[in-house]
Amino acid sequence: KQWYQRRVRGSKQGWIWNKIQYVGSNWQVDFSIKITGRGKIGADGMAMWFLQEIPAKGGSVFGAPNNWKGLGIFFDSFDNDNRHDNPAVLAVQNDGSVSFDHGNDGKGQTLGRCVQSFRNRPHPAQVRLQYYNKVLSLLINPGITTRESDFEECF
C-alpha cells in the first residue's frame, strides 16, 4: 500500500499506524520521504516506528511518547546540540525505561546513525530498512537522483 501524510506548518504532529502485527523474523521495508521547508534550518524531523503497542496519544519524541517500547528510525533534521552533525538518520531501541536525549540528538542511545542530508532535495529520499539474521541495516538514496545505484549505506 502507499500512504501519504502531509505536515503543514509549525509544531504539528501526525501519524499513521498499522494495526496488523508482523510476526516474521526477517523483514524489509522500502519507502520514500520528502521533507521540505523554507530556509536551511529544519524542524525536529520525523520517525518510522516499530512498537509493541500503539500509543494512546502522541508525544515529544518525533510524535511518540518518550517511554516507547520498540524501535524508532528517526529522520532528525534539526541540530539540537549544535555539533553540525545533522540532518541525520538514527535507529533507537527502547524498552520503555529510557528517555530520549533530544539535547544531544540521541548520541549514546543509537543502534546506528549516519549524517545524511535528505531535506530540500529535488527528489524524495528513498529508504531501504532491513532486518535480516538479527542485523538491522538502512540504505538511503538522499534524493539527489532517482537511480537505484545511488543508495548509500547508513548503518
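Residues numbered from 1 in each chain as written. Predicted model: local features only at pLDDT ≥ 70, side-chain atom pairs only at ≥ 80, totals over all residues. Heavy atoms only, no water.

*Asks:* Can you explain the overall build of the chain? Please cite residues and give values.
*Replies:* Looking only at helices and strands, the chain has 0 helices and 8 strands in total. Starting at the N terminus and walking to the C terminus, you meet the elements of the chain as β-β-β-β-β-β-β-β. Within the span of the chain, comprising 155 residues, buried residues form 37% of the whole. Of the roughly 10,100 Å² of accessible surface on the chain, 49% is carried by carbon and sulfur atoms. (Helix = DSSP H or I, 4+ residues; strand = E, 2+ residues; numbered from the N terminus. Buried < 20%, exposed > 50% of the residue type's maximum accessible area, 1.4 Å probe, protein only. Areas by Shrake-Rupley, 256 points an atom, 1.4 Å probe, with all protein chains shown as cover.)

*Asks:* For the sheet that holds strand β6 (residues 125-132), give the residues involved together with the corresponding values.
*Replies:* Pairing is antiparallel across the open sheet formed by 4 strands, whose spatial order is β1-β6-β7-β8. Two strands in the sheet have a free side with no partner beyond their single neighbour: β1 (27-33) and β8 (152-153). (Pairing = 2+ DSSP bridges.)

*Asks:* Tell me about the state of the cysteines, and please be specific about residues and values.
*Replies:* Throughout the structure, instances matching the rule amount to 1 disulfide. Note on cysteine connectivity: Cys-114 is disulfide-linked to Cys-154, with sulfurs 1.9 Å apart. Around the S-S axis, the bridge from Cys-114 to Cys-154 shows a dihedral of about -100 degrees and counts as left-handed. Of this pair, Cys-114 sits in strand β5 (residues 110-115) while Cys-154 sits in the segment after β8, placing them 40 residues apart in sequence. Exposure remark for Cys-154: the relative accessible area of 10% places this residue in the buried category. (Disulfide = S-S within 2.5 Å.)

*Asks:* Please set out the environment of Ser-60 residue by residue, giving values where relevant.
*Replies:* By secondary structure assignment, the location of Ser-60 is in the loop between β2 (45-51) and β3 (69-76). Residue classification places Ser-60 among the partly exposed residues on the basis of a relative accessible area of 49%. The sequence separation of Ser-60 and His-102 amounts to 42 residues, and the corresponding C-alpha distance is 9.3 Å. Ser-60 has contacts with Asn-66 and His-102, leaving out every residue within four places of it along the chain. (Contact = heavy atoms within 4.5 Å.)

*Asks:* Tell me about the pattern of salt bridges, and please be specific about residues and values.
*Replies:* Using the criterion set out here, one finds 3 salt bridges in the structure. With a closest N to O distance of 2.8 Å, Asp-30 and Arg-128 form a salt bridge. Taken together, the residues Asp-30 in strand β1 and Arg-128 in strand β6 connect sequence positions 98 residues apart. You can call Asp-30 partly exposed: its relative accessible area is 46%. Judged by its relative accessible area of 23%, Arg-128 is partly exposed. Arg-128 is paired through a salt bridge with Glu-148; the nearest N and O atoms lie 3.3 Å apart. A residue pair is termed long-range when its members are at least 10 positions apart, and Arg-128 in strand β6 and Glu-148 in the loop between β7 (135-141) and β8 qualify at 20 residues. The exposure class assigned to Glu-148 is partly exposed, which follows from its relative accessible area of 48%. (Salt bridge = Lys/Arg side-chain N within 4 Å of Asp/Glu carboxyl O.)

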